[in-house]
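What follows is each chain in one-letter form.
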Amino acid sequence: MIGLISATAAGAGARDRLAAAWPDRTRVYEGPVADAVRAAFAECEQLVCFLATGAVVRLIAPLLGDKRTDPGVVCVDEGGRFAVSLVGGHGGGANELAVEVGELLAARPVVTTATDAVGVPGLDTLGFPVEGDVAGVSRALLDGEPVALDAELAWPLPPLKVSDQGSYVIRVTDRAVEPAEREVVLRPPSLVVGVGASKGAPVDEVLGLVESAVRDAGLSLASLAQLATVDAKSEEPGIVETARRLGVPLVTYSAEELAAVEVPNPSDAPLAAVGTPSVAEAAALVGGGELLVPKRKSERADGQPAMATCAVVRRVARGRLAVVGLGPGARDLVTPRAKAELRRAAVLVGLDQYVDQIRDLLRPGTVVLESGLGAEEERARTAVAEARKGQAVALIGSGDAGVYAMASPALAEASDDIDVVGVPGVTAALAAAAILGAPLGHDHVSISLSDLHTPWEVIERRVRAAAEADIVVTFYNPRSRGRDWQLPKALAILAEHREPGTPVGVVRNASRPDESSRLTTLAALDPATVDMMTVVTVGNTATRDIAGRMVTPRGYRWQASQASREVAK
């Protein structure tokens, strides 16, 4: 919950805007400001104070205890110009909150945390439990001192300026080890514990079994990702409460799914009870991985039969491939999600000219693998190969990566051994349409006239189908020096079904500094004025030039009524 505190009418106005936008996330604290701050500090995970930073510092100073548990505090000035991350930037989430508040209130977020200021990921913001000398290793990263990465597990991490050797160390492990001097230990969520239990098994018995199994194997409970069991036990109180106390999700599988998993220690007892020869081992192994602790039974002090079993598996780290659309070229058309993925990626793969567009958005330490035109399949293979190494990879393309771009070759290369995330982008057709007016107001189709990958016979058949169906057509890759006849041929096919005066929009370098556009007609368009940086949009029989804008109506009734008026004249 986010506590909201204000002292003036101006502050209350901005406070109420935030409360209205986030009704389920916020709580307004009224009354004397000092009392409101004390109450919110004790009851909320975060605070937004519409007060001067100096006043807030004095109010919260006696309340501060531990940065790992104190709420994050953001201050917004009376003029609503700045959202300042005051305390708890990382642990309390104040940095991210300042950005969110800034976007909502049109205020500038102010983040002074050293790592964020220079683009270095905070070691306590990676989403993993972290132990050791966080401040010292972070300072070494900031100062450019050699920091070694000791990754016992290959796990997708954001870019870090690390080397093979160094006096400071970042260690990635799920083993129960104590951090050494000048060392940070990151605990990736690598362990899955499968659990089986008899009806009514006490939570202390289930929990004690899980904890002892993990610890006896020399592993850290901080790396526990989930508990897993059979569907029939999804509401077993001892299992449900164990997951809650450990702070991990409980995942369940059907008996049929578990019966299909090969295990070293099948048993007739669970087969008779729930329909599968294994619960603990099978549930832990469903997603694959290394069985570190085979089926183990609980031990009861009263000598009665065990009521719980468990098994521990180290799951295989999955690399992450984000296929990112950068939009048509303008920086303000790169989506926030795309920017976040660029900052998250440890490896960036892309066409050299696209890399140049966004190089300043990358974090220090990002490995950039760039190549020139014509190497699309090679880039796709490279990106997938890097993800299979356990890396966090971003593969970039212009517009939307799924439209005539890199998503298709990448996903054709990828298998289910990596996670793939698609990040949509603004396409060239959409950017051009916004410049022209509203040419895509009804059904429309995009067709590439490049026959490098598609036989011309197929392209021509598609153009003819669009012409006969009276669909607005946007042509990508319309004309190059080596391909100068395809566009005239396509326009001739459309002309068989559309009037010479049909509006045609021509946009070159949409959204870029040298953008140009013009509205012409099907008869007047000179194909020689078109090149590969151009998008050509041909209207249908309903498309009109209205006040110099290309408009295709959403419906056709207005056209019929207009025709009736013309007949009446």
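Since we're looking at a predicted model, the values are computed, not measured.

**Here's the deal with the overall build of the protein**
Right, so step 1: The number of helices and strands found in the protein is 19 helices and 28 strands.
Right, so step 2: For the protein, the spread of C-alpha atoms along the principal axes amounts to about 100 × 65 × 55 Å.
Right, so step 3: Taking contacts inside the protein between residues at least 6 apart in sequence as the whole, the part at least 24 apart equals 64%.
Right, so step 4: In the form shown here, the protein has an accessible surface area of approximately 26,900 Å², with 51% of it arising from carbon and sulfur atoms.
Right, so step 5: Positive and negative side-chain charges of the protein, numbering 57 and 72 respectively, have mean locations separated by a distance of 4 Å.

**Quick word on the pairing of strand β16 (residues 320-325)**
Right, so step 1: In terms of burial, β16 is largely enclosed, as six of its six residues are buried.
Right, so step 2: In β16, alternate side chains face the same way, and those of R320, A322 and V324 on one face and L321, V323 and G325 on the other are all buried.
Right, so step 3: In this sheet, strand β19 (residues 392-397) lies alongside β16 in parallel orientation, the contact comprising six bridges. Following the sheet pairing, L321 is matched in β19 by V393.
Right, so step 4: Bridge count for β16 against strand β20 (residues 419-423) is five bridges, and the pairing is parallel. Within β20, the residue paired with V324 across the bridge is V423.

**So, the state of the cysteines**
Right, so step 1: For the structure shown, the criterion picks out zero disulfides.
Right, so step 2: Distance from the sulfur of C49, which forms no disulfide, to the nearest cysteine sulfur (C75) is 5.5 Å.

**Considerations on the side chain of R483**
Right, so step 1: Structurally, R483 can be placed in the loop between β23 (472-476) and α18 (486-495).
Right, so step 2: Nearest to the buried, unbridged R483 among oppositely charged side chains is D451, at 4.5 Å.
Right, so step 3: A distance of 3.1 Å separates the side chain of R483 from the backbone oxygen of L449, its partner in a polar contact.
Right, so step 4: Side-chain polar atoms of R483 contact the backbone oxygen of N477, separated by 3.1 Å.

**Concerning the side chain of N95**
Right, so step 1: Tracing the chain through its elements places N95 in helix α4 (residues 94-105).
Right, so step 2: Engagement of the side chain of N95 in a polar contact is seen with the side chain of S85, the distance being 2.7 Å.

**Quick look at the environment of Q226**
Right, so step 1: Structurally, Q226 is set in strand β12 (residues 224-230).
Right, so step 2: Here Q226 falls in the buried class, since its relative accessible area comes to 15%.
Right, so step 3: For the pair Q226 and V251, spaced 25 residues apart in sequence, the C-alpha to C-alpha distance is 6.9 Å.
Right, so step 4: Once residues lying within four places of it in the same chain are set aside, the contact partners of Q226 are L191, V192, V193, V248, P249, V251, Y253 and R315.

**Concerning the pattern of salt bridges**
Right, so step 1: Under the counting rule described, the total for this entry stands at 30 salt bridges.
Right, so step 2: Across the pair R464 and E496 runs a salt bridge whose closest N-O atoms are separated by 3.2 Å. Residue R464 is located in helix α17 (residues 456-468), and its partner E496 is located in the loop between α18 and β24 (503-508); the two are separated by 32 residues in the primary sequence.
Right, so step 3: Residues joined in a network through salt bridges with shared partners are D150, E152, R171, R175 and E183.

**Concerning helix α16 (residues 428-436)**
Right, so step 1: Taken as a whole, α16 has its buried residues at A429, A431, A432, A433 and L436.
Right, so step 2: Taken from the residues just after α16, G437 is the one with a positive phi, measuring 140°.

**Focus on the packing of helix α7 (residues 203-216) against helix α8 (residues 237-246)**
The relative placement of two packed helices comes down to the angle between their axes together with the axis-to-axis distance.
Right, so step 1: Close contact between α7 and α8 brings their axes to 8 Å; oriented N to C, the two are set at 50°. In terms of their interaxial angle, α7 and α8 are classed as oblique. α8 is crossed by α7, and the crossing has right-handed handedness. Where α7 approaches α8, its residues V203, D204, V206, L207, V210 and E211 are matched on the opposing element by G238, I239, E241, T242, R245 and L246.
Right, so step 2: Looking at the contact of α7 with α8 residue by residue, the classes come out as six nonpolar, two polar and four charged.

Quick notes on the rules
- Residues numbered from 1 in each chain as written.
- Predicted model: local features only at pLDDT ≥ 70, side-chain atom pairs only at ≥ 80, totals over all residues.
- Heavy atoms only, no water.
- Helix = DSSP H or I, 4+ residues; strand = E, 2+ residues; numbered from the N terminus.
- Contact = heavy atoms within 4.5 Å.
- Areas by Shrake-Rupley, 256 points an atom, 1.4 Å probe, with all protein chains shown as cover.
- Lys, Arg positive; Asp, Glu negative; His and termini not counted.
- Charge placed at Lys NZ, Arg CZ, Asp CG, Glu CD.
- Buried < 20%, exposed > 50% of the residue type's maximum accessible area, 1.4 Å probe, protein only.
- Pairing = 2+ DSSP bridges.
- Disulfide = S-S within 2.5 Å.
- Salt bridge = Lys/Arg side-chain N within 4 Å of Asp/Glu carboxyl O.
- Polar contact = N/O pair within 3.5 Å; in protein donor to acceptor, adjacent residues only side chain to side chain.
- Axes fitted to C-alpha atoms, helices over the stretch in contact; angles between N-to-C directions.
- Parallel < 35°, antiparallel > 145°, perpendicular 65-115°, else oblique.
- Left-handed = near helix turned anticlockwise from the far one by under 90°.
- Nonpolar A, V, L, I, M, F, W, Y, C, P; charged D, E, K, R; others polar.

All quantities given are derived from atomic positions and should not be read as evidence of function.
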